[in-house]
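Survey of secondary and tertiary structure
Each chain, written out:
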Amino acid sequence: MAPAPNWLAPQQYRVEPPPNRSFADHAGPTKITISAQMRNRTVRFLRIIECEGVGMLGPRSQYGVRGRLGCHAPEPITTSRRVPKMVISPDDWSAVRLTLALAGVVTASLLLLATPIAWWLAHSSSRWRGPISALVTLPLVLPPTVLGFYLLVAMGSNGPIGRLTQALGLGLLPFHFSGLVVASVLYSMPFVVQPIRNAFEASGKRPLEVAACLHASPLDAFFRVALPLARPGLLIGAILGFAHTLGEFGVVLMIGGNIPGETRVLSMQIYNHVEALEYSQAHWLAGALMAISFLVLMAIYLYDPKRRMF
Amino acid sequence: MIRARFVLAYSGFRLQAALEVPSQGVTALFGPSGCGKSTLLRCVAGLERSASGFLQVNAETWQDDTQQIFLPTHRRLLGFVFQEPSLFAHLDVRRNLLFGYARTPAAQRKISWDRAVDLLDVGSLLHRMPDGLSGGERQRVAIARAVLAAPRLLLMDEPLAALDAQRKREILPFLERLQQELSIPVLYVSHQADEVSRLANHLVLLRDGQVVASGPLTQMLARLDLPTAEDEDAGVVIESRVAGHDERYHLVRLEFPGGHIFVGREAVAIGQPVRLRIQARDVSVALSEHHDSSILNRIPATIVELASASNPANAMIRLEAGGTTLLARITHRSVEQLQLTTGSKVWAQIKAVAVLQ
């Protein structure tokens, strides 16, 4: 009797292309080592890449986005299945630095701006609370291109913000780092306001009343009681704001364009690589971004205020 | 004197209260839930801004809306103990205590750090975080924190209501010591008759946002025309003194104007004041002194008032015993059979006495 196959042991499988198609320009079947449970799923995945993923790139090149980004039409697909190796260029590093700088500046500005807004939303009984809440949350549901479009118009040479910045001698913000900061702050606002607001609402008015009864002025009570009690909310708001800015694309596209060293952030650089079919570079950047985002979000879920991990 | 007058209207509730209470001892604001006693306390603290208010503590005016005077809460020298302990969760016990202490100018401090820590026995808790403390410990810390903020007036909003009976017994002695050792006037909100009769010297009765009556506790509890007399636990509080011991039977003789009673208790110093509570349900009346009864405490008294109790079967009678008033709850049937009227000379037979302090 033949021994039963060991399904858990790594094995080599031959993945054949679908009967009526071929694997791009790759001659012959691919050899890959995978665990047994993944076999069917992997086959299906490879087929999807073949049929939809890679094939989709061709027709999309006719859209205007590519022209705007300043990319050239792709060469015939030749490099897509090359094994990724360390190919991060100085341009890539510049995009990474720019992205981190943008996320840092935006997070700091957001903490300064969102905290008073969150405070007001948590404690005010004004009839403006509803409309302001909705306004702050708007970027959550709006396509970034819509926000970007209006900002582009408003910050343009004929827009109200544009006139103001010109009158102040700051020039025009679009296609500059400062324009990106303004746009990103607005775009990431709900991600920061909401957790801070929740934290303020959760601790309620009682700690402030207690502080007042212990001779603390309202400002004193805010800094010594309300803010420390809202620390988990502030931390989560900061992390979400940072992570959200890291991955921003649509608003950057509209307001910043694709200027190296000035507005070409990571997501833009990845797009450029993909457009140029430099998949390995795209892989490195995209993978790193995904890993960082995952770690950041995991940090939030592991965060336990009682254990004081931070 | 503490004089206060507040008018405050919410939807469906109106507080219109004026009170004048002595600036020493414990004044209980007593009434059913929703009668506005907590709101009144919050008005005194300045946490609730009333439409029209006036508040004078000793000679200082904290609020007078006719003259546009409103001292914000943080500038009023008061301490507030809330129903739930409300410690700052991000600070340890020591820094919770320091919060108000550090914000009080040294010249205004009335009680030293060590004394407050000692009085409320929180010395062993100083380096613990609030969420590691029991409910009783937290409330003790909250009281110490309020006391350390040098209050000229201590406000307590049902400080024992969130605690179970066991913890309550644990805290009550601390409140009594506080009252005995510090001369800070206390406004104490409660709807628990036993707490009030144990702690208060002065009683303010509230109902539907209005002050029904106000006066010394012993006099107020002895009145039949107040809601307190309708309570199931109605009864009087008597201030007595230890007059002697009966070594053989392990009894203590307590004297008060108009008589004495024996209670079974550990030996206490002669002359020490003892507060007693005698409930109306534990007092029966007889026309002659019964030597053949097991009831030890019998006091000659005169009926001064008869009234109906909340239960239609019962009558409440007020008895005067040489300067001390007692309440008794007996049936209407007994009133008729014994032909009791005002002026009748009777023997009050006291079946049970609660020693409060």
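Residues numbered from 1 in each chain as written. Chains lettered and ligands numbered in written order. Predicted model: local features only at pLDDT ≥ 70, side-chain atom pairs only at ≥ 80, totals over all residues.

Moving on, we come to the overall build of chain A. Within chain A, the secondary structure is distributed over 13 helices and two strands. In chain A, buried positions account for 30% of the 310 residues. Taking all contacts inside chain A whose residues are at least 6 apart in sequence as the whole, residues at least 24 apart take part in 73%. (Helix = DSSP H or I, 4+ residues; strand = E, 2+ residues; numbered from the N terminus. Buried ≥ 20, exposed ≤ 12 C-beta atoms within 10 Å, placed from the backbone. Contact = placed C-beta atoms within 7 Å.)

When helices and strands are counted, chain B shows nine helices and 21 strands. Taking 357 residues into account, the globule formula puts the C-alpha radius of gyration at 21 Å, and chain B, at 23 Å, falls close to it. Taken over the C-alpha atoms alone, chain B extends approximately 65 × 50 × 35 Å along its principal axes. For chain B, long-range pairs separated by at least 24 residues make up 66% of all intrachain contacts whose partners lie at least 6 apart in sequence. (Rg over C-alpha atoms; globule rule 2.2 N^0.38 Å.)

To continue, consider the domain arrangement of chain B. Domain parsing of chain B yields domain 1 (2-217) and domain 2 (235-355). One C-alpha centre belongs to domain 1 of chain B, the other to domain 2 of chain B, and the line joining them spans 34 Å. (Domains from an automatic or database assignment.)

All names here are of chain B. The pairing of strand β17 (residues 297-308) with strand β18 (residues 314-321) spans six bridges and is classified as antiparallel. Residue pairing in the sheet places Ala307 in a bridge with Met316 of β18. Summarising the sheet, β18 and strand β19 (residues 324-331) pair through eight bridges and their orientation is antiparallel. Across the sheet, the residue bridging to Ile317 is Ala328, located in β19. The hairpin turn running from β18 into β19, its antiparallel successor, is two residues long, and Gly322 in that turn takes a positive phi close to 55 degrees. (Pairing = 2+ DSSP bridges.)

Within the element layout of this structure, Asp208 of chain B appears in the loop between β10 (202-207) and β11 (210-216). In the structure, Asp208 of chain B is positioned 106 residues away from Asn314 of chain B in sequence and 27 Å away in space, judged by C-alpha atoms.

Turning next to the nonpolar core. Counting 155 residues, the largest nonpolar core has Leu29, Ala144, Leu155, Tyr188, Ala328 and Ala348 of chain B as its most contacted members. Excluding its chain neighbours within four sequence positions, the residues that come into contact with Ala144 of chain B are Leu97, Ala116, Val117, Leu120 and Val122 of chain B. (Core = buried A, V, L, I, M, F, W, Y, C linked by C-beta atoms within 7 Å.)

All names here are of chain B. Judged by pairing direction, the sheet is antiparallel, and its five strands sit side by side in the order β16-β20-β17-β18-β19 without closing on themselves. The two strands at the open ends of the sheet, each matched to only one other strand, are β16 (283-286) and β19. Between one strand axis and the next, the sheet turns through 45 degrees on average, direction left out of account. (Axes fitted to C-alpha atoms, helices over the stretch in contact; angles between N-to-C directions.)

With that settled, consider the interface of chain A and chain B. Each partner contributes residues to the interface: chain A has 13 residues there, and chain B has 18 residues. Within the residue set of the side of chain A that touches chain B, elements represented by two or more residues are α8 (206-213) and α9 (218-229) of chain A. Top element by residues in the side of chain A that touches chain B is α8 of chain A. It accounts for six residues. The class makeup of the residues in the side of chain A that touches chain B is nine nonpolar, two polar and two charged. (Nonpolar A, V, L, I, M, F, W, Y, C, P; charged D, E, K, R; others polar.)

For the rest of this paragraph, the subject is the sheet that holds strand β21 (residues 354-355) of chain B. Residue and element names in this part refer to chain B. In spatial order, the strands read β14-β13-β12-β15-β21; together these five strands make up an open sheet with antiparallel pairing. Here the strands that pair on one side only, and so sit at the sheet edges, are β14 (259-264) and β21. With five bridges joining them, strand β12 (residues 235-246) and strand β13 (residues 251-256) adopt antiparallel strand pairing. Paired with Val242 across the bridge in β13 is Leu254.

Right, let's talk about the packing of α8 of chain A against α9 of chain A for a bit. Residue and element names in this part refer to chain A. Interhelical geometry of α8 versus α9 gives an angle of 150 degrees and a closest axis separation of 10 Å. Taken together, the axes of α8 and α9 lie roughly antiparallel to each other. For α8 against α9, the interelement crossing comes out right-handed. Mapping the contact onto sequence places Pro207, Leu208, Ala211 and Ala212 in α8 and Ala221, Val225, Ala226 and Leu229 in α9. Classifying every residue of the contact of α8 with α9 gives eight nonpolar, no polar and no charged. (Parallel < 35°, antiparallel > 145°, perpendicular 65-115°, else oblique. Left-handed = near helix turned anticlockwise from the far one by under 90°.)

Residue and element names in this part refer to chain B. For Ser86, which is not glycine, the phi dihedral falls at a positive 55 degrees. For Ser86, a count of 21 C-beta atoms within 10 Å puts it in the buried group. Despite not being glycine, Glu158 shows a phi value in the positive range, around 45 degrees. Note on placement: Glu158 falls in the loop between β8 (153-157) and α5 (165-181). Judged by C-beta crowding, with 22 C-beta atoms within 10 Å, Glu158 ranks as buried.

With 100% of its residues at a pLDDT of 70 or more, chain B shows a mean pLDDT of 90. For chain B, the element scoring lowest by mean pLDDT is helix α8 (residues 227-230) of chain B, at 84; helix α2 (residues 93-102) of chain B scores highest, at 95. (pLDDT = per-residue confidence, 0-100.)

Right, let's get into helix α5 (residues 144-155) of chain A. Residue and element names in this part refer to chain A. Compared with the 16 Å implied by 1.5 Å per residue over twelve residues, the 16 Å span of α5 between its first and last C-alpha is a close match. Of the residues making up α5, those classed as buried are Gly148, Leu151, Leu152 and Met155. Looking straight down α5, one finds its buried side chains confined to an arc of 105 degrees; they lie on one side. In this structure, the buried residues of α5 make contact with α6 (160-167), α7 (177-203) and α11 (250-255). (Expected span 1.5 Å × (residues − 1). Arc of directions from axis to C-beta.)

Right, let's talk about the environment of Ser197 of chain B for a bit. Residue and element names in this part refer to chain B. Within the secondary structure, Ser197 is located in helix α6 (residues 193-199). You can call Ser197 buried: it has 25 C-beta atoms within 10 Å. Considering only alpha carbons, one finds Ser197 and Leu276, 79 residues apart in sequence, at a separation of 9.0 Å. The contacts of Ser197, once residues within four sequence positions are left out, are Leu221, Val237, Arg277 and Leu356.

This part takes up the packing of helix α3 (residues 90-123) of chain A against helix α10 (residues 231-246) of chain A. All names here are of chain A. In contact at an axis separation of 9 Å, α3 and α10 are set at 140 degrees when each is read in the N-to-C sense. Considering the relative orientation of α3 and α10, their crossing is right-handed. Here Thr99, Leu102, Ala103, Val106, Thr107, Leu110, Leu111 and Ala114 of α3 come into contact with α10, specifically with Leu234, Gly237, Ala238, Gly241, Phe242, Thr245 and Leu246. Split by residue class, the contact of α3 with α10 holds ten nonpolar, five polar and no charged.

Do not read the predicted coordinates in detail wherever pLDDT is low. Residue and element names in this part refer to chain A. For chain A, the mean per-residue pLDDT works out to 77, and 70% of the residues sit at or above 70. Confidence over residues 21-84 falls short of pLDDT 50; this stretch has 65 contacts with residues more than four positions distant or in other chains. Segment residues 306-310: pLDDT under 50, and four contacts once partners within four positions in sequence are set aside and those in other chains are kept.

Okay, α10 of chain A next. Residues and elements named next belong to chain A. With 16 residues, α10 ought to run about 22 Å at 1.5 Å a step, and its terminal C-alpha atoms sit 22 Å apart, in line with that. Those residues of α10 lying buried are Gly233, Leu234, Ile236, Gly237, Ile239, Leu240, Gly241, Phe242, Ala243, His244, Thr245 and Leu246. Close packing links the buried residues of α10 with α3, α7, α12 (266-275) and α13 (279-302).

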